[in-house]
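# Results of the structural survey
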Amino acid sequence: MAEQLALVIGGTVGGLLLLLLIGASCYLWRRFCATLPYEELPGTPATAAAAASSGQRDRLCQPQARTPLSRPPGVPFVVPPSLQGRDWVPLHSGEWAHTPWDPRPASELLPHNPSGGLGDACKVGAINPELYKFSEDNSETEFPAGCLGRLWFSVEYEQEAERLLVGLIKARQLQGPSETCSPLVKLYLLPDERRFLQSKTKHKTSNPQFDEHFIFQVSSKTVTQRVLKFSIYHVDRWRKHQLLGQVLFPLNNKTLAEDCRRIIWRDLEPESLEPPSEFGDLQFCLSYNDYLSRLTVVVLRAKGLRLQEDRGVVSVFVKVSLMNHNKFVKCKKTSAVLDSINPVYNETFSFKADATELDTASLSLTVVQNMEGDKSQELGRVVVGPYMYTRGRELEHWNEMLSKNKELVKRWHALCRTTEP
(Lines give C-alpha, C1' and ligand atoms only; values in the text may rest on other atoms or scores of the structure.)
Protein backbone atom coordinates (compact mmCIF):
# COMPACT_ATOMS: atom_id res chain seq x y z
CA MET A 1 0.00 0.00 0.00
CA ALA A 2 2.81 2.34 0.86
CA GLU A 3 4.54 1.54 -2.41
CA GLN A 4 1.44 2.41 -4.42
CA LEU A 5 1.09 5.72 -2.60
CA ALA A 6 4.75 6.54 -3.30
CA LEU A 7 4.26 5.81 -7.00
CA VAL A 8 1.22 8.14 -7.22
CA ILE A 9 3.04 10.97 -5.44
CA GLY A 10 6.13 10.47 -7.63
CA GLY A 11 4.04 10.50 -10.85
CA THR A 12 2.24 13.66 -9.78
CA VAL A 13 5.45 15.48 -8.92
CA GLY A 14 7.05 14.29 -12.16
CA GLY A 15 4.09 15.57 -14.20
CA LEU A 16 4.20 18.95 -12.52
CA LEU A 17 7.94 19.23 -13.13
CA LEU A 18 7.41 18.28 -16.81
CA LEU A 19 4.72 20.98 -17.22
CA LEU A 20 6.99 23.56 -15.57
CA LEU A 21 9.83 22.56 -17.89
CA ILE A 22 7.62 22.86 -20.99
CA GLY A 23 6.27 26.24 -19.85
CA ALA A 24 9.75 27.53 -19.11
CA SER A 25 10.95 26.35 -22.53
CA CYS A 26 8.05 28.13 -24.31
CA TYR A 27 8.68 31.32 -22.37
CA LEU A 28 12.40 31.30 -23.15
CA TRP A 29 11.68 30.59 -26.85
CA ARG A 30 9.26 33.51 -27.11
CA ARG A 31 11.74 35.83 -25.41
CA PHE A 32 14.44 34.65 -27.79
CA CYS A 33 12.29 35.28 -30.89
CA ALA A 34 11.20 38.68 -29.59
CA THR A 35 14.77 39.87 -29.11
CA LEU A 36 16.14 38.42 -32.40
CA PRO A 37 17.49 41.42 -34.48
CA TYR A 38 16.51 41.84 -38.16
CA GLU A 39 19.22 41.80 -40.79
CA GLU A 40 19.19 44.32 -43.68
CA LEU A 41 18.75 42.72 -47.09
CA PRO A 42 21.33 43.65 -49.72
CA GLY A 43 20.25 46.65 -51.83
CA THR A 44 17.88 48.15 -49.25
CA PRO A 45 18.24 51.83 -48.32
CA ALA A 46 20.16 52.74 -45.20
CA THR A 47 18.35 53.03 -41.95
CA ALA A 48 16.95 56.53 -41.40
CA ALA A 49 18.27 58.34 -38.37
CA ALA A 50 15.79 59.66 -35.88
CA ALA A 51 16.53 62.13 -33.12
CA ALA A 52 13.28 62.40 -31.21
CA SER A 53 13.35 62.85 -27.43
CA SER A 54 12.49 60.02 -25.05
CA GLY A 55 9.32 61.83 -23.95
CA GLN A 56 7.65 61.62 -27.38
CA ARG A 57 4.99 58.95 -27.39
CA ASP A 58 4.19 59.19 -31.14
CA ARG A 59 7.61 57.89 -32.20
CA LEU A 60 8.07 54.16 -32.55
CA CYS A 61 11.66 53.75 -31.49
CA GLN A 62 15.14 55.15 -31.75
CA PRO A 63 17.03 52.84 -34.17
CA GLN A 64 20.60 52.18 -33.08
CA ALA A 65 23.07 49.68 -34.39
CA ARG A 66 22.72 46.16 -32.97
CA THR A 67 20.44 47.06 -30.03
CA PRO A 68 17.30 45.22 -29.07
CA LEU A 69 14.25 46.58 -30.82
CA SER A 70 11.42 48.07 -28.82
CA ARG A 71 7.83 48.87 -29.72
CA PRO A 72 5.17 51.20 -28.35
CA PRO A 73 2.51 49.70 -26.11
CA GLY A 74 -0.39 48.23 -28.03
CA VAL A 75 1.60 47.36 -31.19
CA PRO A 76 1.70 43.54 -31.47
CA PHE A 77 4.72 43.41 -33.80
CA VAL A 78 8.27 44.65 -34.18
CA VAL A 79 9.12 47.02 -37.05
CA PRO A 80 12.22 46.10 -39.08
CA PRO A 81 15.06 48.65 -39.15
CA SER A 82 14.40 49.49 -42.83
CA LEU A 83 10.95 50.81 -41.86
CA GLN A 84 12.01 52.58 -38.70
CA GLY A 85 11.95 56.35 -38.53
CA ARG A 86 8.34 56.70 -39.67
CA ASP A 87 5.83 58.67 -37.67
CA TRP A 88 3.26 56.62 -35.79
CA VAL A 89 -0.08 58.21 -35.04
CA PRO A 90 -2.32 56.81 -32.25
CA LEU A 91 -5.87 56.11 -33.38
CA HIS A 92 -8.99 56.45 -31.22
CA SER A 93 -9.46 52.69 -31.13
CA GLY A 94 -6.14 52.26 -29.33
CA GLU A 95 -4.36 50.97 -32.44
CA TRP A 96 -1.39 52.61 -34.12
CA ALA A 97 -0.99 53.67 -37.72
CA HIS A 98 1.98 55.24 -39.52
CA THR A 99 2.05 58.26 -41.80
CA PRO A 100 3.79 57.98 -45.22
CA TRP A 101 7.50 58.67 -45.09
CA ASP A 102 10.15 58.84 -47.76
CA PRO A 103 13.85 59.61 -47.21
CA ARG A 104 13.85 61.84 -50.31
CA PRO A 105 13.17 65.57 -49.89
CA ALA A 106 9.64 66.76 -50.43
CA SER A 107 10.74 68.79 -53.47
CA GLU A 108 11.59 65.58 -55.34
CA LEU A 109 8.07 64.31 -54.94
CA LEU A 110 6.46 67.40 -56.43
CA PRO A 111 6.28 68.25 -60.14
CA HIS A 112 8.90 70.69 -61.33
CA ASN A 113 7.56 74.20 -61.75
CA PRO A 114 10.17 76.62 -63.09
CA SER A 115 7.94 79.65 -62.75
CA GLY A 116 7.06 79.28 -59.08
CA GLY A 117 7.96 77.68 -55.77
CA LEU A 118 6.77 74.51 -54.20
CA GLY A 119 3.64 76.21 -52.95
CA ASP A 120 2.41 76.60 -56.52
CA ALA A 121 3.00 72.97 -57.43
CA CYS A 122 0.31 70.33 -57.46
CA LYS A 123 0.07 67.73 -54.75
CA VAL A 124 1.43 64.26 -55.35
CA GLY A 125 -1.18 62.07 -57.00
CA ALA A 126 -3.46 64.98 -57.90
CA ILE A 127 -4.60 65.56 -61.49
CA ASN A 128 -3.14 68.66 -63.10
CA PRO A 129 -5.89 70.12 -65.34
CA GLU A 130 -3.35 72.18 -67.29
CA LEU A 131 -2.07 68.98 -68.91
CA TYR A 132 -5.47 68.18 -70.37
CA LYS A 133 -6.34 71.53 -71.91
CA PHE A 134 -6.67 71.71 -75.70
CA SER A 135 -7.14 74.73 -77.94
CA GLU A 136 -10.83 75.19 -78.44
CA ASP A 137 -12.15 74.93 -82.00
CA ASN A 138 -15.56 76.54 -82.29
CA SER A 139 -15.66 76.53 -86.08
CA GLU A 140 -18.21 73.69 -86.15
CA THR A 141 -20.36 74.84 -83.23
CA GLU A 142 -20.68 78.62 -83.48
CA PHE A 143 -22.51 79.87 -86.56
CA PRO A 144 -23.69 83.48 -86.89
CA ALA A 145 -27.35 84.30 -87.41
CA GLY A 146 -28.40 84.00 -91.04
CA CYS A 147 -25.36 81.90 -91.95
CA LEU A 148 -25.79 80.13 -95.30
CA GLY A 149 -23.24 77.48 -94.39
CA ARG A 150 -19.51 77.06 -93.85
CA LEU A 151 -16.84 75.57 -96.12
CA TRP A 152 -13.45 74.05 -95.19
CA PHE A 153 -10.70 73.81 -97.79
CA SER A 154 -6.90 73.75 -98.08
CA VAL A 155 -4.52 75.67 -100.34
CA GLU A 156 -0.91 74.93 -101.29
CA TYR A 157 1.23 76.26 -104.12
CA GLU A 158 4.21 74.39 -105.57
CA GLN A 159 6.68 76.95 -106.89
CA GLU A 160 8.79 74.62 -108.99
CA ALA A 161 5.90 72.87 -110.72
CA GLU A 162 3.75 76.06 -110.74
CA ARG A 163 0.75 74.11 -109.52
CA LEU A 164 -1.99 75.28 -107.16
CA LEU A 165 -3.21 72.38 -105.02
CA VAL A 166 -6.71 72.84 -103.62
CA GLY A 167 -8.25 70.41 -101.17
CA LEU A 168 -12.03 70.43 -100.75
CA ILE A 169 -12.60 69.08 -97.24
CA LYS A 170 -16.18 69.54 -96.03
CA ALA A 171 -19.16 71.85 -95.58
CA ARG A 172 -21.50 72.30 -92.62
CA GLN A 173 -24.98 73.72 -92.00
CA LEU A 174 -25.86 74.23 -95.68
CA GLN A 175 -29.21 75.96 -96.06
CA GLY A 176 -30.78 73.88 -98.83
CA PRO A 177 -34.33 74.23 -100.16
CA SER A 178 -35.36 71.13 -98.18
CA GLU A 179 -33.99 68.58 -95.75
CA THR A 180 -32.87 66.39 -98.66
CA CYS A 181 -30.02 68.67 -99.75
CA SER A 182 -27.66 67.24 -102.41
CA PRO A 183 -24.71 69.63 -102.71
CA LEU A 184 -21.84 69.84 -105.17
CA VAL A 185 -19.04 72.43 -105.49
CA LYS A 186 -17.64 74.16 -108.56
CA LEU A 187 -14.14 75.66 -108.30
CA TYR A 188 -13.04 78.65 -110.39
CA LEU A 189 -9.75 80.50 -110.63
CA LEU A 190 -10.86 84.06 -111.33
CA PRO A 191 -10.83 86.09 -113.48
CA ASP A 192 -11.34 83.04 -115.72
CA GLU A 193 -14.99 82.07 -115.19
CA ARG A 194 -15.31 79.92 -118.28
CA ARG A 195 -13.37 76.93 -116.94
CA PHE A 196 -14.00 75.23 -113.64
CA LEU A 197 -13.47 71.98 -111.74
CA GLN A 198 -16.34 70.17 -110.08
CA SER A 199 -16.70 67.89 -107.06
CA LYS A 200 -18.88 64.83 -106.72
CA THR A 201 -22.49 65.26 -105.62
CA LYS A 202 -23.23 64.31 -102.01
CA HIS A 203 -26.80 63.10 -101.69
CA LYS A 204 -29.27 63.91 -98.91
CA THR A 205 -27.00 65.74 -96.50
CA SER A 206 -26.56 69.32 -95.28
CA ASN A 207 -23.12 68.46 -93.83
CA PRO A 208 -21.23 66.86 -96.73
CA GLN A 209 -17.74 65.42 -96.39
CA PHE A 210 -15.93 65.81 -99.73
CA ASP A 211 -12.22 65.02 -99.16
CA GLU A 212 -11.36 65.71 -102.80
CA HIS A 213 -8.26 67.30 -104.35
CA PHE A 214 -7.94 69.57 -107.40
CA ILE A 215 -4.98 71.01 -109.32
CA PHE A 216 -4.81 74.34 -111.19
CA GLN A 217 -1.85 75.05 -113.43
CA VAL A 218 -0.96 78.73 -112.94
CA SER A 219 2.31 80.63 -113.29
CA SER A 220 4.06 82.05 -110.25
CA LYS A 221 3.93 85.55 -111.78
CA THR A 222 0.14 85.71 -111.89
CA VAL A 223 -0.94 83.42 -109.04
CA THR A 224 -1.01 86.27 -106.51
CA GLN A 225 -3.45 88.12 -108.78
CA ARG A 226 -5.92 85.25 -108.90
CA VAL A 227 -8.98 84.60 -106.73
CA LEU A 228 -10.18 81.11 -105.83
CA LYS A 229 -13.96 80.87 -106.05
CA PHE A 230 -16.12 78.07 -104.60
CA SER A 231 -19.75 77.94 -105.74
CA ILE A 232 -21.95 75.46 -103.86
CA TYR A 233 -25.09 74.21 -105.59
CA HIS A 234 -28.02 72.00 -104.66
CA VAL A 235 -28.84 69.40 -107.31
CA ASP A 236 -32.52 68.44 -107.40
CA ARG A 237 -33.95 65.24 -108.83
CA TRP A 238 -34.26 66.84 -112.27
CA ARG A 239 -30.51 67.63 -112.12
CA LYS A 240 -31.09 71.37 -111.98
CA HIS A 241 -28.53 73.44 -110.05
CA GLN A 242 -29.63 75.93 -107.39
CA LEU A 243 -26.93 78.18 -105.92
CA LEU A 244 -26.66 77.94 -102.12
CA GLY A 245 -23.74 80.34 -101.68
CA GLN A 246 -20.18 81.09 -102.67
CA VAL A 247 -16.74 81.72 -101.17
CA LEU A 248 -14.12 84.03 -102.68
CA PHE A 249 -10.53 83.55 -101.51
CA PRO A 250 -7.78 85.86 -102.89
CA LEU A 251 -4.41 84.20 -103.48
CA ASN A 252 -2.17 87.02 -102.26
CA ASN A 253 1.43 86.84 -101.13
CA LYS A 254 0.44 86.40 -97.49
CA THR A 255 -1.70 83.38 -98.34
CA LEU A 256 1.02 81.63 -100.34
CA ALA A 257 3.98 82.72 -98.20
CA GLU A 258 4.16 79.47 -96.25
CA ASP A 259 5.40 76.56 -98.31
CA CYS A 260 2.96 74.13 -96.76
CA ARG A 261 -0.68 73.07 -96.83
CA ARG A 262 -3.01 75.50 -95.06
CA ILE A 263 -6.51 74.52 -93.89
CA ILE A 264 -8.98 77.44 -94.06
CA TRP A 265 -12.69 77.86 -93.44
CA ARG A 266 -15.04 80.57 -94.70
CA ASP A 267 -18.74 81.32 -94.40
CA LEU A 268 -20.80 81.22 -97.56
CA GLU A 269 -21.99 84.50 -99.07
CA PRO A 270 -25.00 85.01 -101.33
CA GLU A 271 -24.44 85.96 -104.93
CA SER A 272 -25.43 89.55 -105.68
CA LEU A 273 -28.29 89.47 -108.18
CA GLU A 274 -28.51 93.22 -108.56
CA PRO A 275 -27.06 94.55 -111.82
CA PRO A 276 -23.98 96.76 -111.38
CA SER A 277 -24.40 100.51 -111.43
CA GLU A 278 -23.15 102.74 -114.24
CA PHE A 279 -19.54 102.92 -113.08
CA GLY A 280 -19.51 99.75 -110.98
CA ASP A 281 -19.97 98.91 -107.29
CA LEU A 282 -17.69 98.55 -104.29
CA GLN A 283 -18.30 96.36 -101.24
CA PHE A 284 -16.60 97.14 -97.92
CA CYS A 285 -17.09 96.89 -94.15
CA LEU A 286 -16.93 99.61 -91.49
CA SER A 287 -16.29 99.25 -87.78
CA TYR A 288 -15.50 101.66 -84.94
CA ASN A 289 -13.97 100.80 -81.57
CA ASP A 290 -14.68 103.65 -79.14
CA TYR A 291 -12.35 102.18 -76.49
CA LEU A 292 -9.35 102.20 -78.83
CA SER A 293 -10.56 105.18 -80.90
CA ARG A 294 -9.96 103.10 -84.00
CA LEU A 295 -11.85 103.24 -87.30
CA THR A 296 -11.52 100.03 -89.36
CA VAL A 297 -12.24 99.60 -93.07
CA VAL A 298 -12.28 96.20 -94.81
CA VAL A 299 -12.23 96.51 -98.61
CA LEU A 300 -13.84 93.32 -99.92
CA ARG A 301 -14.47 93.48 -103.67
CA ALA A 302 -15.69 95.48 -106.63
CA LYS A 303 -17.85 94.50 -109.59
CA GLY A 304 -18.85 95.84 -112.98
CA LEU A 305 -15.92 98.26 -113.30
CA ARG A 306 -15.68 100.20 -116.57
CA LEU A 307 -12.01 99.82 -117.39
CA GLN A 308 -10.23 102.00 -119.91
CA GLU A 309 -9.10 99.15 -122.10
CA ASP A 310 -7.87 101.37 -124.93
CA ARG A 311 -5.21 102.85 -122.63
CA GLY A 312 -3.52 99.60 -121.73
CA VAL A 313 -4.83 97.98 -118.55
CA VAL A 314 -2.17 97.29 -115.95
CA SER A 315 -3.98 96.84 -112.62
CA VAL A 316 -6.79 98.13 -110.41
CA PHE A 317 -6.51 99.09 -106.73
CA VAL A 318 -8.57 100.94 -104.10
CA LYS A 319 -7.33 104.03 -102.28
CA VAL A 320 -8.84 104.62 -98.82
CA SER A 321 -8.53 108.16 -97.46
CA LEU A 322 -9.53 109.55 -94.07
CA MET A 323 -10.76 113.16 -94.30
CA ASN A 324 -11.58 115.74 -91.63
CA HIS A 325 -13.35 118.98 -92.61
CA ASN A 326 -12.63 117.97 -96.23
CA LYS A 327 -8.92 118.03 -95.46
CA PHE A 328 -6.71 115.04 -96.10
CA VAL A 329 -5.56 113.18 -92.92
CA LYS A 330 -4.20 109.80 -94.02
CA CYS A 331 -4.32 107.54 -97.08
CA LYS A 332 -3.81 103.77 -97.56
CA LYS A 333 -3.95 101.55 -100.65
CA THR A 334 -4.87 97.96 -101.39
CA SER A 335 -2.78 95.66 -103.55
CA ALA A 336 -3.38 95.88 -107.31
CA VAL A 337 -5.40 93.25 -109.18
CA LEU A 338 -4.57 92.60 -112.83
CA ASP A 339 -7.06 92.80 -115.68
CA SER A 340 -10.35 92.16 -113.86
CA ILE A 341 -13.64 94.06 -113.84
CA ASN A 342 -14.59 92.15 -110.66
CA PRO A 343 -11.49 92.38 -108.44
CA VAL A 344 -11.41 90.83 -104.96
CA TYR A 345 -9.23 92.35 -102.22
CA ASN A 346 -10.25 91.35 -98.66
CA GLU A 347 -7.79 93.80 -97.10
CA THR A 348 -8.15 95.61 -93.77
CA PHE A 349 -7.05 99.13 -92.83
CA SER A 350 -7.24 100.99 -89.51
CA PHE A 351 -7.23 104.71 -88.76
CA LYS A 352 -6.87 106.56 -85.48
CA ALA A 353 -9.94 108.73 -84.93
CA ASP A 354 -11.32 110.12 -81.66
CA ALA A 355 -15.03 109.89 -81.03
CA THR A 356 -15.24 113.71 -80.96
CA GLU A 357 -13.94 113.83 -84.54
CA LEU A 358 -16.51 111.51 -86.08
CA ASP A 359 -19.02 114.34 -86.64
CA THR A 360 -16.58 116.07 -88.98
CA ALA A 361 -14.69 113.06 -90.39
CA SER A 362 -15.43 111.07 -93.55
CA LEU A 363 -13.98 108.22 -95.59
CA SER A 364 -13.30 108.34 -99.31
CA LEU A 365 -12.80 105.05 -101.20
CA THR A 366 -11.55 105.54 -104.74
CA VAL A 367 -11.10 102.82 -107.37
CA VAL A 368 -8.05 103.60 -109.49
CA GLN A 369 -6.80 101.98 -112.68
CA ASN A 370 -3.05 101.93 -113.34
CA MET A 371 -2.02 102.42 -116.94
CA GLU A 372 1.15 102.36 -118.97
CA GLY A 373 3.64 105.12 -118.43
CA ASP A 374 3.05 105.42 -114.67
CA LYS A 375 -0.32 107.02 -115.28
CA SER A 376 -3.56 106.32 -113.45
CA GLN A 377 -7.26 106.83 -114.11
CA GLU A 378 -9.96 107.18 -111.45
CA LEU A 379 -12.83 104.79 -112.18
CA GLY A 380 -15.18 105.85 -109.39
CA ARG A 381 -15.44 106.91 -105.77
CA VAL A 382 -17.61 106.39 -102.68
CA VAL A 383 -17.76 108.79 -99.72
CA VAL A 384 -19.26 107.66 -96.40
CA GLY A 385 -19.63 109.89 -93.38
CA PRO A 386 -22.03 111.94 -91.23
CA TYR A 387 -24.92 114.07 -92.43
CA MET A 388 -22.54 116.93 -93.20
CA TYR A 389 -21.13 115.06 -96.23
CA THR A 390 -23.43 112.20 -97.26
CA ARG A 391 -27.02 111.08 -97.76
CA GLY A 392 -28.81 107.83 -98.55
CA ARG A 393 -27.02 104.48 -98.29
CA GLU A 394 -23.69 106.07 -97.45
CA LEU A 395 -25.17 107.93 -94.46
CA GLU A 396 -27.05 104.81 -93.32
CA HIS A 397 -23.85 102.77 -93.44
CA TRP A 398 -22.00 105.34 -91.31
CA ASN A 399 -24.79 105.62 -88.72
CA GLU A 400 -25.12 101.83 -88.48
CA MET A 401 -21.38 101.59 -87.82
CA LEU A 402 -21.69 104.05 -84.93
CA SER A 403 -24.70 102.25 -83.45
CA LYS A 404 -22.99 98.83 -83.54
CA ASN A 405 -19.77 99.36 -81.63
CA LYS A 406 -16.92 96.97 -82.53
CA GLU A 407 -19.06 95.15 -85.14
CA LEU A 408 -18.27 94.97 -88.86
CA VAL A 409 -21.07 96.42 -90.98
CA LYS A 410 -20.91 95.28 -94.62
CA ARG A 411 -22.61 96.94 -97.60
CA TRP A 412 -22.42 97.50 -101.35
CA HIS A 413 -22.11 101.06 -102.68
CA ALA A 414 -22.42 102.43 -106.21
CA LEU A 415 -19.38 104.26 -107.56
CA CYS A 416 -19.77 107.78 -108.86
CA ARG A 417 -17.44 109.86 -111.05
CA THR A 418 -16.08 112.88 -109.18
CA THR A 419 -12.86 114.79 -109.17
CA GLU A 420 -10.47 114.16 -106.31
CA PRO A 421 -10.22 116.95 -103.70
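What counts, and at which threshold
Note that residues are indexed from 1 along each chain, following the sequence as it is written. Residues qualify for local features only when their pLDDT is at least 70, as the model is predicted, and side-chain atom pairs are given and counted only at 80 or more; totals for whole chains, interfaces and linings, by contrast, use all residues. Derived side-chain values reflect all non-hydrogen atoms in the structure, with water molecules and hydrogen atoms excluded from consideration. Under the scheme used here, helices are H or I runs from DSSP no shorter than 4 residues and strands are E runs no shorter than 2 residues, and both carry numbers assigned from the N terminus. Each residue's exposure class comes from its accessible area (1.4 Å probe, protein chains only) as a fraction of the maximum for that residue type: buried when under 20%, exposed when over 50%, partly exposed otherwise. We call two residues contacting when some pair of their heavy atoms lies within 4.5 Å. Only the protein chains shown count as cover for residues, with accessible areas throughout obtained via the Shrake-Rupley method and a probe of 1.4 Å. Expected span of a helix: the number of residues minus one, times 1.5 Å. This arc is built from the directions going out from the helix axis to the C-beta atoms. Here a salt bridge means any side-chain nitrogen of Lys or Arg lying within 4 Å of a carboxyl oxygen belonging to Asp or Glu. UniProt positions are given in the numbering used here, feature names are shortened, and annotations may be inferred rather than shown by experiment. The term nonpolar core refers to a set of buried residues drawn from Ala, Val, Leu, Ile, Met, Phe, Trp, Tyr and Cys, joined through side-chain atoms within 4.5 Å. Think of it this way: DSSP has to see at least two bridges between two strands before they count as a pair. Only the stretch in contact is used when a helix axis is fitted, and all axes are lines through C-alpha atoms; the angle between N-to-C directions ranges over 0 to 180 degrees. Polar contact criterion, stated in full: a pair of N or O atoms within 3.5 Å, where within protein one must be able to donate a hydrogen and the other to accept it, and residues adjacent in sequence count only if both atoms are side-chain atoms.

A few words on the overall build of the protein chain. Helices and strands together make up the secondary structure of the protein chain, namely three helices and 18 strands. With 421 residues in all, the protein chain has 35% of them scored as buried. Put simply, of all contacts in the protein chain between residues at least 6 apart along the chain, 60% involve residues at least 24 apart. By element, 53% of the accessible surface of the protein chain is carried by carbon and sulfur atoms, the whole surface being about 27000 Å².

The next point concerns helix 3 (residues 392-403). Across its 12 residues, helix 3 extends 17 Å between first and last C-alpha, which sits within 8% of the 16 Å expected from 1.5 Å per residue. Within the sequence span of helix 3, burial applies to Glu 394, Leu 395, His 397, Trp 398 and Met 401. Along the axis of helix 3, the buried positions cluster into a sector of 160°, meaning they face one direction only. Against the buried residues of helix 3 lie strand 11 (281-289), strand 12 (294-303), strand 16 (361-371), strand 17 (375-384) and strand 18 (409-414).

Turning our eyes to something else, we now look at the pattern of salt bridges. Tallied over the full model, the rule gives eight salt bridges. Here Arg 150 makes a salt bridge to Asp 267, at a shortest N to O gap of 2.5 Å. Of this pair, Arg 150 sits in strand 3 (residues 150-158) while Asp 267 sits in strand 10 (residues 262-267), placing them 117 residues apart in sequence. Take Arg 150: its relative accessible area is 3%, and that puts it in the buried class. For Asp 267, a relative accessible area of 26% translates into the label partly exposed. With a closest N to O distance of 3.0 Å, Lys 404 and Glu 400 form a salt bridge.

Mapped onto the present numbering, the UniProt feature "transmembrane region" (unreviewed entry) falls on residues 6-29. Helix and strand shares over residues 6-29 are 100% and 0% respectively, and the end C-alpha atoms of the span are 34 Å apart.

Attention now goes to the nonpolar core. Counting residues in hydrophobic clusters, the biggest one holds 31 residues, and the most contacted among them are Leu 282, Val 299, Val 320, Leu 363 and Leu 365. For Leu 363, the residues in contact, after removing those within four places along its chain, are Leu 286, Leu 295, Val 297, Val 320, Ser 321, Leu 322, Phe 351, Val 382, Val 383, Val 384 and Trp 398. Within the second largest apolar cluster, 28 residues are counted, among which are Cys 181, Val 185, Phe 216 and Ile 232.

Attention shifts here to unusual backbone geometry. Non-glycine residue Arg 239 carries a positive phi angle of around 65°. Note that Arg 239 resides in the loop between strand 8 (227-235) and strand 9 (241-250).

Looking now at the sheet that holds strand 8. Within the open sheet, the four strands sit side by side as 6-5-8-9. Their pairing is antiparallel. Strands at the two margins of the open sheet, each flanked by one partner only, are strand 6 (192-198) and strand 9. Sheet twist, expressed as the average angle between the axes of neighbouring strands with direction ignored, equals 25°. Bridge count for strand 5 (residues 183-190) against strand 8 is eight bridges, and the pairing is antiparallel. Across the sheet, the residue bridging to Leu 184 is Tyr 233, located in strand 8.

Pairing is antiparallel in the open sheet, where four strands are placed in the order 7-4-3-10. With one partner strand each, in any of the chains shown, strand 7 (209-217) and strand 10 form the two edges of the open sheet. The sheet shows a mean angle of 25° between the axes of neighbouring strands, direction not considered.

With that settled, the discussion passes to the pairing of strand 16. For a regular strand, side chains alternate in direction, first toward one face of the sheet and then toward the other. Taking burial as the measure, the 11 residues of strand 16 include 10 buried ones, the bulk of the element. Pairing between strand 16 and strand 17: nine bridges, direction antiparallel. Bridging from a neighbouring strand, Val 367 pairs with Gly 380 of strand 17.

Let us look at the environment of Lys 352. Looking at the element boundaries, Lys 352 is found in strand 15 (residues 344-352). Taking relative accessible area as the criterion, Lys 352 reaches 64% and is therefore assigned exposed. Along the chain, Lys 352 and Leu 322 lie 30 residues apart, while their C-alpha atoms are 9.5 Å from each other. Those residues in contact with Lys 352 that sit more than four places away from it in its chain are Leu 292, Ser 293 and Leu 322. Polar contacts involving the side chain of Lys 352 include one to the main-chain carbonyl oxygen of Leu 292, which spans 2.8 Å.

Position of Lys 333 relative to the elements: it lies in strand 14 (residues 327-333). Between the alpha carbons of Lys 333 and Val 320 there is a distance of 6.1 Å; along the sequence they are 13 residues apart.

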